[in-house]
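Working through the structure, step by step
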Amino acid sequence: MKKLVMIGNGMAGVRTIEEILRLAPEQFEITIFGQEPHPNYNRIKLSNILQGDTSFDEIIINPLDWYNENNIQLYTGEAIVKIDVEGKRVISDKGREVDFDELIIATGSNSFILPIPGADKIGVTGFRDIHDCEMMIKSAEQYKKAVVIGGGLLGLEAARGLLNLGMKVDVVHLMPNLMERQLDSIASSLLKAELESQGMNFLMEKETVEILGDERVTGLRFKDGSEVEADLVVMAIGIKSNNEVAKSNGIYVNRGIVVNDFMETSVPSVYAVGECAEHREIVYGLVAPLYEQGKVLANRICGLTAEPYTGSVTGTQLKVAGVDLFSAGEIFDDGQTKSIMVYNEFEGIYKRVLTRNNQIVGIVMYGDTKESTKLFRMLTKKEDITGISIFQTECSAEAGGDVASMPNDELVCGCNGVTKGAIVEAIKTQGLTTLDQVSHCTNAGRSCGRCKPMVSQILAHTLGDQFDAAAAQKTSICGCTTISREELVEEIKAKGLTSVKEVMNVLEWNNEEGCTKCRPAINYYLGMIYMDEYKDDRDSRLVNEKMHANIQKDGTYSVVPRMYGGVTTAAGLKKIAEVAEKYNVPLVKLTGGQRIGLFGVKKEDLPGMWEELDMPSGYAYGKTLRTVKTCVGAQFCRYGTQDSMALGIELEKKFERLDTPHKVKMGVSACPRNCSEAGIKDIGFVGIDGGWEIYVAGNGGVDLRPGDLLCTVKTTEEVMEVTGAYLQYYRETANYLERTSKWVERVGLNHVKEVLANEETRKALNERMDKTLKKYSEPWNEAIQSEEIKDKYYTKHTVKVGE
Ligand SMILES: Cc1cc2nc3c(=O)[nH]c(=O)nc-3n(C[C@H](O)[C@H](O)[C@H](O)COP(=O)(O)OP(=O)(O)OC[C@H]3O[C@@H](n4cnc5c(N)ncnc54)[C@H](O)[C@@H]3O)c2cc1C
Ligand code: SF4
């Protein structure tokens, strides 16, 4: 097998790998290096994360299990620093060396940071990755005033997000018009007025010359001498192709890594794709052209005859609620161009098409972009528009009419290059009935998601009478089926299905092996329904759960023993120290959940270490109860009103190992000073005089959310009863991989309170919880006892991710 290495684990690169796997699944042994410590995620949706519409988990495109299933060796958090083009080897910043036959460079780009004094101060960031988002979200908790430099697409999306996070936002822009490369002055002023009405403040025609402050930013100074205050500065003035690793190793670079029409660089067997690549003097910054490049490259690398990549015309949209705009091609008259225009100042609608020689060469639309796909097609196909009415009248714009008259080669999903014809064909030949299925089969709607309403219309039009609107919108478990979570649970119960295989078989999954999304979900639902009677299907679990250890970014594992309530003993510490020493554990670290983690452990050492530790697994890898963090409490702290440690230990002992839809963390504080941070846990307990307050749905991660008060109880027994019922209700009604914070927001806190207020219901929920808890045994111990488990999971040949 030929060795294919890819540098960069982002959108364009991984899409290329997907195409390669589709064309020739067995042709390459694939290794990917990604500098970020995550699997490939949808960078486009970072704006949505900042605007509070989605969570990081939801924007992961290829989970770790996808790499594993496709035998891809993934090294996350590891950058390639050297390419030995002669010796055909890459070398990482960890000193790892990997040989290649073919190399793809897909290193994307970096935010362009203004080279001005103070640009390195704390509180100054670009807007490129999840780390930048997290930094902005954290800043918004502590600070009030943000300044975004750059009134382009990224700057405005960042500014909208910061407003949503409660900050006061100024947008500084060098030019007189916002998005001046995409919009003319009328569209730009309409956009500005809308954003001002949303609370954004604009400082136009200002050139930033200095960032003020000591260690942390306090403001900006402009060229005209004026200043503005700032606790956070986001630089969104553009991107810079990330090509250092190519340039410093003799690969020809101009603005980007220069490639030909087959994405080949100046060095044989080395290719570049994505934002790092420069094709015919253009470096693209939107996914649509990058995915086209990926297709061409995949064909080339697999040795198939490929059409050359000849360049793309791109269309721009802005992902800000309340703003509907589209722009493509040229926007300025050049004396040869003629405009066709509609301008309705009352309704804030402006549409202008720029033509030359009876062909559309530019489009600017604001307030109504319904015709953008049609016009964009005319532009890209250079259609003759003589005699064609460019803008729809009210009567011609009836619902459905659009789709019926749309030609088959019209692009519906701009990001992924999917035409109406391809969607109709997939619906007809593969019997698709839901939006999710269409997305899964054709990629339409998989990136920015703006084409989803159009895909829905095509689905309705193609299916005619058989179209079921509610069913079409329904979110299926995954692309292997049309079945939703509710239907799956109902069908399992009604048909008495008892195994993952049986579910997929009887419910006619279109992929008989299932996928990394549906298999763990089915396994969870079966366990939830059949309680102690279900035999867990270990191979259907997510990879960390299957291994009972977290895979680290360098391919080693972590061992985190249970430490109930964060309490240990001198003997326990000694044992951990001895094992760490014996197995040369490179890192011994106190975790955020008050335990001791041993990091950097080889897979084959896991059972031996577990045996010598003789401690239960802390499940630091599972969709289950993780930790119960406790404060010192009444035993030792002079403020403590309750015994927080005892309650924490009791809770952890009772609910450890329980399968839950997502991970669950708890905290117990013995007074409202809240040293265990119980206010941001899935369930938090705060001691007060004569009882406990119980908080739920808190979250301390990227989607920071304070817990809501569920109820106040007097005794420990009541705490256990409410917790058992609450957790069981979550288990029975949440979607697999839905955190408690999202679940409570979806079903409503009042609804949960009403359910738990009923004594009978509480009792029944607790009975089912207790029945479920009976089935669990200690997984590390099981592995120690079983040669079969050791051989299957803990010898060198198993599990590929990051190995
Ligand atoms: C906030 C935001 C909103 C956006 N909105 C849109 C939109 O609405 N529509 C649209 O089409 N596009 C949008 N984009 C652009 C789109 O996300 C990019 O075009 C796309 O991600 C580029 O893919 P890529 O693979 O070239 O680069 P990336 O996705 O950036 O991936 C490159 C990866 O390579 C890694 N890397 C770099 N150097 C090394 C090294 N030496 N070793 C190992 N790894 C390395 C990087 O860490 C990175 O993870 C947006 C981008 C951002 C930031
Ligand atoms: S939360 Fe209160 S009782 Fe617990 S350690 Fe802090 S101050 Fe003491």
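Just above, that's the structure.
Residues numbered from 1 in each chain as written. Chains lettered and ligands numbered in written order. Predicted model: local features only at pLDDT ≥ 70, side-chain atom pairs only at ≥ 80, totals over all residues. Heavy atoms only, no water.

1. Here we look at the overall build of the chain
This is how it is decided: Segments assigned H or I by DSSP are reported as helices when at least four residues long, segments assigned E as strands when at least two residues long, and all are numbered from the N terminus. Radius of gyration: over C-alpha atoms. The globule rule applied is 2.2 Å multiplied by the number of residues raised to the 0.38 power. The criterion used for residue contact is that any of the two residues' heavy atoms lie within 4.5 Å. Reported accessibility uses the Shrake-Rupley method at a 1.4 Å probe radius. Residues are deemed covered only where the shown protein chains occlude them.
Broken down by element type, the chain carries 27 helices and 36 strands. In terms of C-alpha radius of gyration, the chain reaches 28 Å, essentially the compact-globule figure of 28 Å for 803 residues. When the backbone C-alpha atoms are referred to their principal axes, the chain occupies close to 85 × 60 × 60 Å. For the chain, restricting intrachain contacts to residue pairs at least 6 apart in sequence, the fraction spanning at least 24 positions comes to 63%. When the accessible surface of the chain is split by element, carbon and sulfur atoms take 49% of a total near 34,800 Å².

2. So, the site of ligand 2
Where we set the bar: Here, proximity means that at least one heavy atom of the residue falls within 4 Å of the molecule or strand. Just so you know the grouping, Ala, Val, Leu, Ile, Met, Phe, Trp, Tyr, Cys and Pro go in nonpolar, Asp, Glu, Lys and Arg go in charged, and all remaining residues, Gly too, go in polar.
C631, V632, G633, C637, Y639, G640, S669, A670, C671, R673, N674 and C675 make up every residue found near ligand 2. Within the shell around ligand 2, the residues separate by chemical class into seven nonpolar, four polar and one charged.

3. Concerning the nonpolar core
The following threshold applies: Within this scheme, the nonpolar core is defined by two criteria: the residues are buried Ala, Val, Leu, Ile, Met, Phe, Trp, Tyr or Cys, and they are joined through side-chain atoms within 4.5 Å. Accessible area is worked out with a 1.4 Å probe on protein chains only. A residue is then buried under 20% of its type maximum, exposed over 50%, and partly exposed in between.
Of all hydrophobic cores here, the largest spans 52 residues; its most connected members are I17, I83, V90 and I105. With residues near it in sequence (within four places) discarded, I83 still touches I7, R89, V90, F100, L103, I105, V245, N249 and I251. Counting residues in each nonpolar core, the second largest holds 43 residues, with L46, M136, V148 and L325 among its members.

4. Regarding helix α20 (residues 606-613)
In plain terms, the rule: The arc in question is the one spanned by the directions pointing from the helix axis to the C-beta atoms.
Residues of α20 that are buried: L606, P607, M609, W610 and L613. Down the axis of α20, the buried side of the element spans an arc of 165°, and every buried residue falls inside it. Buried residues along α20 sit in contact with α18 (543-547), β29 (557-559), α19 (570-582), β31 (596-601), α26 (779-785) and α27 (787-793). Directly beyond the C-terminal end of α20, a positive phi value near 55° is found at D614.

5. Focus: the pairing of strand β7 (residues 102-105)
Our working definition: Note on pairing: DSSP must find at least two bridges between two strands before they are called paired.
Here β7 shows no split at all, with E102 and I104 on one side and L103 and I105 on the other all buried. Here four bridges tie strand β1 (residues 2-7) to β7, and the two strands are oriented parallel to one another. Its bridge partner lying in β7, V5 is registered against L103. Taken together, the three bridges between β7 and strand β19 (residues 270-272) define a ladder with parallel strand orientation. Among the inter-strand pairings, I104 is bridged to a residue of β19, identified as Y271.

6. Description of the pattern of salt bridges
For clarity, the cut-off: Here a salt bridge means any side-chain nitrogen of Lys or Arg lying within 4 Å of a carboxyl oxygen belonging to Asp or Glu.
In the structure shown here, the tally under the stated rule is 53 salt bridges. In this structure, E732 and R768 form a salt bridge, with 2.6 Å as the shortest nitrogen-oxygen distance. Here the residue E732 occupies a position in helix α22 (residues 716-733), and R768 occupies one in helix α25 (residues 759-773), the gap between them amounting to 36 residues.

7. Remarks on the sheet that holds strand β28 (residues 550-551)
This is how the line gets drawn: In this analysis an axis means a line fitted to C-alpha atoms, helices contributing only their contacting stretch, and an angle means the value between N-to-C directions, from 0 to 180 degrees.
One open sheet holds the four strands; their spatial order is β28-β29-β31-β30, and the pairing between them is antiparallel. Unpaired on one side and paired on the other, β28 and β30 (587-590) mark the two borders of the sheet. Summarising the sheet, β29 and β31 pair through three bridges and their orientation is antiparallel. Paired with Y557 across the bridge in β31 is V601. Here α20 sits on the sheet and contacts β29 and β31; the angle it forms with β29, its principal contact strand, is near 10°.

8. What about the side chain of S644?
Secondary-structure assignment places S644 in helix α21 (residues 644-655). The residues contacting S644, other than those within four sequence positions of it, are T630, C631, V632, G633, V668, S669, A670 and W692.

9. Some remarks on the site of ligand 1
Applicable threshold: Whenever a nitrogen or oxygen atom comes within 3.5 Å of another N or O atom, the pair is scored as a polar contact, on the condition that within protein one atom can donate a hydrogen and the other can accept it, and that pairs from neighbouring residues in sequence are kept only if both atoms are in side chains.
Taken together, 31 residues form the shell around ligand 1, and within it A12, E36, R128, E275 and K319 come nearest. N242 is positioned such that a nitrogen or oxygen atom in its side chain is 3.3 Å from a nitrogen atom of ligand 1. Sorting the residues of the shell around ligand 1 by element identifies α1 (11-23), β2 (28-34) and α8 (287-301) as the ones contributing at least two each. A per-class count over the shell around ligand 1 returns 13 nonpolar, 12 polar and six charged.

10. Describing the packing of aromatic side chains
Just so we agree on the cut-off: Each pair of aromatic rings taken from Phe, Tyr and Trp, with Trp reduced to its six-membered ring, is defined by centres within 6.5 Å and is described as stacked if the planes are under 30 degrees apart, edge-to-face if over 60, and tilted in the remaining cases. Here, over-ring charges are defined by two tests on the NZ atom of lysine or the CZ atom of arginine: distance to the ring centre within 6 Å, and angle to the ring normal within 35 degrees.
Enumeration according to the criterion identifies 15 aromatic pairs in this entry. R216 extends its terminal NZ or CZ atom over the ring of Y143, reaching a point 3.9 Å from the ring centre. The ring of F262 carries R300 above its face, with NZ or CZ at 4.0 Å from the centroid.

11. Section: the packing of α22 against helix α24 (residues 749-757)
Geometrically, a packed helix pair is captured by the angle between its two axes and the distance between the axes. Test applied: With respect to orientation, any angle under 35 degrees is reported as roughly parallel, any angle over 145 as roughly antiparallel, any angle of 65 to 115 as roughly perpendicular, and every other angle as oblique. When the near helix sits turned anticlockwise from the far one by under a right angle, the crossing is termed left-handed; a clockwise turn instead gives a right-handed crossing.
The contact between α22 and α24 brings their axes to 10 Å, and the two run at 125°. With respect to α24, the axis of α22 lies oblique. Between α22 and α24 lies a crossing of right-handed hand. Between α22 and α24, the contacting residues are V722, A725, Y726 and Y729 on the first element and H751, V752, V755 and L756 on the second. Of the residues assigned to the contact of α22 with α24, the class counts are seven nonpolar, one polar and no charged.

12. A look at the sheet that holds strand β33 (residues 664-669)
Ordered in space as β32-β33-β34-β35-β36, the five strands form an open sheet in which the pairing is mixed. On the outer flanks of this sheet lie β32 (625-630) and β36 (708-713), each paired with one strand and no other. With strand direction ignored, the average angle separating the axes of adjacent strands in the sheet is 15°. Pairing of strand β35 (residues 691-696) with β36 involves five bridges; the strand directions are antiparallel. Pairing of E693 across the sheet is with T712, part of β36. Each of β32, β33, β34 (683-688) and β35 is contacted by α21, which is oriented at about 170° to β32, the strand it contacts most.

13. A few points about unusual backbone geometry
Of note, H548 is a non-glycine position whose phi angle comes to about 55°, a positive value. Structurally, H548 is set in the loop between α18 and β28. Within the chain, A697 stands out as a residue other than glycine whose phi angle is a positive 65°. Residue placement: A697 occurs in the loop between β35 and β36. When its relative accessible area of 0% is taken as the criterion, A697 is described as buried.

14. Quick look at the pairing of strand β14 (residues 217-222)
Note that strand β13 (residues 208-213) and β14 share five bridges and pair antiparallel. When the sheet's bridge partners are listed, G213 is paired in β14 with V217. Once β13 ends, the chain turns through three residues before running back antiparallel as β14. With three bridges joining them, β14 and strand β15 (residues 227-229) adopt antiparallel strand pairing. Bridge assignment links L220 to a residue of β15, and that residue is V228. Where β14 folds back on β15, the antiparallel hairpin that results is connected by four residues, among which G225 adopts a positive phi of roughly 90°.

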